[in-house]
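# Chain and residue survey
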Amino acid sequence: MRILLVEPDEKTRKFFEDVLSRENYEIITAGDGTEASGKIRTGAPDIVMTDIRLPGMDGVSLLQWIKQDYPDIEVIMITGLGDLQPAIDCLKMGAVDFITTPVILDIVKIALKRAMDRIENRIKLSLSTRNLETLVREKTRKLAESEKRYIQLFDELPSFIIIVDKNFKIIEANKMFREQYGDATGRYCYNVYQGLSKPLPDCPVKKTFRDKKSHTTEMEVTFKNGETRNLLMQTSAITDPDGRIVHVMEMATDVTVIHQLQDHLAALGLHISSISHGIKGLLSGLDGGDYMITLGLENGDTEMIRDGWDIAKKKIKLIRSMILDILYHSKDRTLERKSVNVFDFIQELVTTMAPRMKEHGISLVQETPKPNSDEAVWIDKTVFFAALLAIFENAVDACVAVKDIRDKLEIKISVEQKDKETLFRIRDNGKGLARKYQKEVFSLFYSDKGNKGTGLGLFIAQRSVKQHRGVIRINSTPGQYTEFTVAIPAQPVES
Amino acid sequence: MTQKIMIVDDDPDVTKFLDIMFRHNGYETCIAPDGKAAVEVFLKEKPDLITLDLEMPEEWGPRFFRKISKAKGFNTPVIVISGVSGREFSIPKAKAFFAKPFDADEVLRKAREILSE
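### Some words on the overall build of chain B
Each helix and strand counted, chain B has five helices and five strands in total. Order of helices (α) and strands (β) in chain B, N terminus to C terminus: β-α-β-α-β-α-β-α-β-α. Taking 117 residues into account, the globule formula puts the C-alpha radius of gyration at 13 Å, and chain B, at 13 Å, falls close to it. With the C-alpha coordinates of chain B rotated into their principal frame, the extents come out at 30 × 30 × 25 Å.

### Concerning the overall build of chain A
Along its length, chain A carries 13 helices and 17 strands. At 49 Å, chain A has a C-alpha radius of gyration far larger than the 23 Å of a compact globule built from 495 residues. Looking at the 495 residues of chain A, the share that counts as buried comes to 40%. Across chain A, every contact between residues at least 6 apart in sequence was considered, and the portion connecting residues at least 24 apart equals 60%. For chain A, the computed accessible surface area is about 28,300 Å², with 54% contributed by carbon and sulfur atoms. Averaged over its 70 positive side-chain charges, chain A has a centre that lies 4 Å from the centre of its 71 negative ones.

### Description of the nonpolar core
With 40 residues, the main nonpolar core has F345, F384, I391, F392, I411, F424 and V486 of chain A as its most contacted residues. Listed by contribution, the elements that provide at least two residues to this core are α11 (342-359), β13 (376-379), α12 (381-401), β14 (409-417), β15 (421-428), α13 (457-467), β16 (471-477) and β17 (481-489) of chain A. Counting residues per element, this core draws most heavily on α12 of chain A, at 11 residues. Membership of the second largest hydrophobic core comes to 26 residues, among which are Y291 of chain A together with I20, F98 and L115 of chain B.

### Re the side chain of K315 of chain A
Considering the arrangement of structural elements, one finds K315 of chain A in helix α10 (residues 302-329). The exposure class assigned to K315 of chain A is buried, which follows from its relative accessible area of 5%. Setting aside its immediate chain neighbours within four residues, K315 of chain A contacts L282, G285 and L286 of chain A together with D11 and D13 of chain B.

### Let's talk about the pattern of salt bridges
Residues and elements named next belong to chain A. Taken as a whole and assessed by the stated rule, the structure comprises 36 salt bridges over all chains. Between K109 and E23 there is a salt bridge, and its shortest N-O distance comes to 3.5 Å. Of this pair, K109 sits in helix α5 (residues 105-156) while E23 sits in the loop between α1 (10-22) and β2 (26-30); the two residues are 86 residues apart in sequence, bridging distant segments of the chain. A relative accessible area of 37% means that K109 is categorised as partly exposed.

### A look at the interface of chain A and chain B
Across the contact, 17 residues belong to chain A and 16 residues belong to chain B. In total, about 1,400 Å² of surface goes out of reach between chain A and chain B, with carbon and sulfur atoms giving 64% of it. Where chain A packs against chain B, one counts four salt bridges. On the surface where chain A and chain B come into contact, there are three residue pairs in polar contact (both at pLDDT 80 or more). Every element with two or more residues in the side of chain A that touches chain B is listed here: α9 (256-299) and α10 of chain A. Top element by residues in the side of chain A that touches chain B is α9 of chain A. It accounts for 12 residues. Tallied by class, the residues present in the side of chain A that touches chain B amount to six nonpolar, six polar and five charged.

### Points about the packing of helix α2 (residues 35-45) of chain B against helix α3 (residues 61-69) of chain B
All names here are of chain B. Running from N to C, α2 and α3 cross one another at 30°; their axes reach a closest spacing of 9 Å. Of the possible angle classes, the one that applies to α2 and α3 is roughly parallel. Crossing angle aside, the handedness with which α2 passes α3 is right-handed. Residue-level inspection shows G35, A38, V39 and F42 of α2 in contact with α3, the latter providing F64, K67 and I68.

### Digging into the packing of aromatic side chains
Residue and element names in this part refer to chain A. Using the criterion set out here, one finds 18 aromatic pairs over all chains in the structure. When the centroid spacing of 5.6 Å and the interplanar angle of 65° are considered together, the rings of W65 and Y70 count as edge-to-face. Classification of W65 as buried rests on a relative accessible area of 17%. With a relative accessible area of 29%, Y70 lands in the partly exposed category. Joined through ring pairs, the aromatic side chains of F160, F177, Y181, Y193 and F223 make up one cluster. For the cation-ring pair, R427 lies above Y481, with the distance from its terminal atom to the ring centre recorded as 4.1 Å.

### A few points about the pairing of strand β7 (residues 170-173) of chain A
Residue and element names in this part refer to chain A. Across three bridges, strand β6 (residues 160-164) lies against β7 in antiparallel orientation. Across the sheet, residue V164 finds its bridge partner in β7, namely I170. The turn linking β6 back onto β7 is made up of five residues, and F168 within it adopts a positive phi angle of 70°.

### What about helix α5 (residues 104-115) of chain B?
Residue and element names in this part refer to chain B. In a regular helix each residue adds 1.5 Å, so 12 residues correspond to 16 Å; α5 covers 16 Å between its end C-alpha atoms and thus fits that length. Every buried residue of α5 is listed here: A104, V107, L108, A111, I114 and L115. Down the axis of α5, the smallest arc covering the buried residues is 130°, so these residues share one side. At the N-terminal end of α5, a side-chain oxygen is found 3.0 Å from the backbone nitrogen of D105, two or three residues along, and the residue is D103.

### Re the sheet that holds β2 of chain A
Residue and element names in this part refer to chain A. The five strands lie next to each other as β2-β1-β3-β4-β5, forming an open sheet whose pairing is parallel. Of all the strands in the sheet, just β2 and β5 (97-101) have a single pairing partner and so form its edges. Put simply, the sheet's adjacent strands are angled 20° from each other on average, direction ignored. Bridge count between strand β4 (residues 74-80) and β5: five bridges; the pairing is parallel. The residue of β5 that forms the bridge with T79 is T100. Contacting β4 and β5, helix α4 (residues 84-92) runs over the sheet at an angle of about 160° to β5. Packed on one face of the sheet, α5 meets β1 (2-6), β3 (47-51), β4 and β5 and runs near 160° to β4.

Procedures and definitions
Residues numbered from 1 in each chain as written. Chains lettered and ligands numbered in written order. Predicted model: local features only at pLDDT ≥ 70, side-chain atom pairs only at ≥ 80, totals over all residues. Heavy atoms only, no water. Helix = DSSP H or I, 4+ residues; strand = E, 2+ residues; numbered from the N terminus. Rg over C-alpha atoms; globule rule 2.2 N^0.38 Å. Buried < 20%, exposed > 50% of the residue type's maximum accessible area, 1.4 Å probe, protein only. Contact = heavy atoms within 4.5 Å. Areas by Shrake-Rupley, 256 points an atom, 1.4 Å probe, with all protein chains shown as cover. Lys, Arg positive; Asp, Glu negative; His and termini not counted. Charge placed at Lys NZ, Arg CZ, Asp CG, Glu CD. Core = buried A, V, L, I, M, F, W, Y, C linked by side-chain atoms within 4.5 Å. Salt bridge = Lys/Arg side-chain N within 4 Å of Asp/Glu carboxyl O. Buried area = accessible area lost by both parts, 1.4 Å probe. Polar contact = N/O pair within 3.5 Å; in protein donor to acceptor, adjacent residues only side chain to side chain. Nonpolar A, V, L, I, M, F, W, Y, C, P; charged D, E, K, R; others polar. Axes fitted to C-alpha atoms, helices over the stretch in contact; angles between N-to-C directions. Parallel < 35°, antiparallel > 145°, perpendicular 65-115°, else oblique. Left-handed = near helix turned anticlockwise from the far one by under 90°. Phe/Tyr/Trp six-rings, centres within 6.5 Å; stacked < 30°, edge-to-face > 60°. Lys NZ or Arg CZ within 6 Å of the ring centre and 35° of its normal. Pairing = 2+ DSSP bridges. Expected span 1.5 Å × (residues − 1). Arc of directions from axis to C-beta.

Right under this line is the structure:
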């Protein structure tokens, strides 16, 4: 600890020097204010002890100068006993203490102790302030970093993620969502995803707002490139610190590939079951050939052998083509689209169904292109024909179901060409379909025709229309009518 | 007197197989390719035994059976030979059921057993 002693009186100065040196202080001295200010600049003392009365610049001015330019230096004033008022003024100006002459050693020690305490406190304070600042800086950096990471996580997750409020309004969306749907902030999620004007009755967001639990649903959406995809949506609650639910997060994952796989497996299964019957017949024929050849060999009957071998050859050929068929089907069949005349197409459909309609007295109304019109659709005829035939057959079945109670049975088929799509409508005045079954009719093996239905028809229809990137819509009132609308894009949309 | 077996099946190769097998074993045969024709053949030929396929064009086996079994005094035994699953329930009164592909010796043995009753 270095002390600058400013004292004009040499005797007093010597006295202080002696006393303070014994207390292990390092002492530098000055005789007046000007000298003192020079030593403060060069000697960097921790404490200045100065007489109030100095030649030239007096002690009070020195104090003021020190407190202004070197606020960390503690100043102790030395004053005569009768001079207390200026000493008290000095305390107000920032001096740590004053001592009176004649000097009492203990008072000097107390004054110095007070000055040192103050210095020590200041060091402690500045240290902890500095620590605090570093801490805050560090925490801020970490916070910013983790915030950045969460935003990145939110953005880069390969799912569509949005956060919605109680009114289903989107308040935040991740990158994948924004890329597909643009800036949809402020719009309703059901509107953005499915073009609806209000949420569905079994909306999972609604459920999560009610019970805070996660719910799932599957939905079919159309991407901006026109592709129809299946999304699996999961919701989860976002709560405030009090546990109140404020927002719901919707995370939608594209599960189209899984759907395609399911459909493919189902179709393969059904294909195999349909051919297994054929195979049984073929094997019986093969046994017949075998029997005849054996019999011919036993009896030396060449003609019998030849007949048997003919049958065997024929069956082997059929089995070969059937196996190739299975192998072919297990691959992904791509559509072979061609421009098909609408009139011809509808005629073929109507002709196929005519016998059954006639049998049940169902009349046909056609709102389709006239003969020789050049209206055409871009379809794989075999695949699309199967779809419309299944729907048509369904219409006939619906009519037959109410045959005994309805006077006039009628099926109307119409084709409407729009800018971007072609609409095929098949409407019957049969038994109708309750709303809750309108989605189910497309699922595999669903049938409301008892053992008469296979539950395959509309499943296949749905599949082939989807392959054409089209949609099937149902309108129906139970007991009155059912209308199937098949909409397929007019121009080929190739991915 | 030679006994007569009527074969009802839409697959000509299967009928040929059964035809040769039965004739080779000393029976007379007559053939019908579907349920509708089978009624006429049945009335004309008066067979002692019928082998019947279930799934055929025009008229299915069960329907044919219902038609002919309605006639008074009908007691012609029937053996069902079919690839359709659930064949056991199609014609409850049938004497025997065989799945396709069938074992020729088994069918013959069964036919012999029924005809000797």
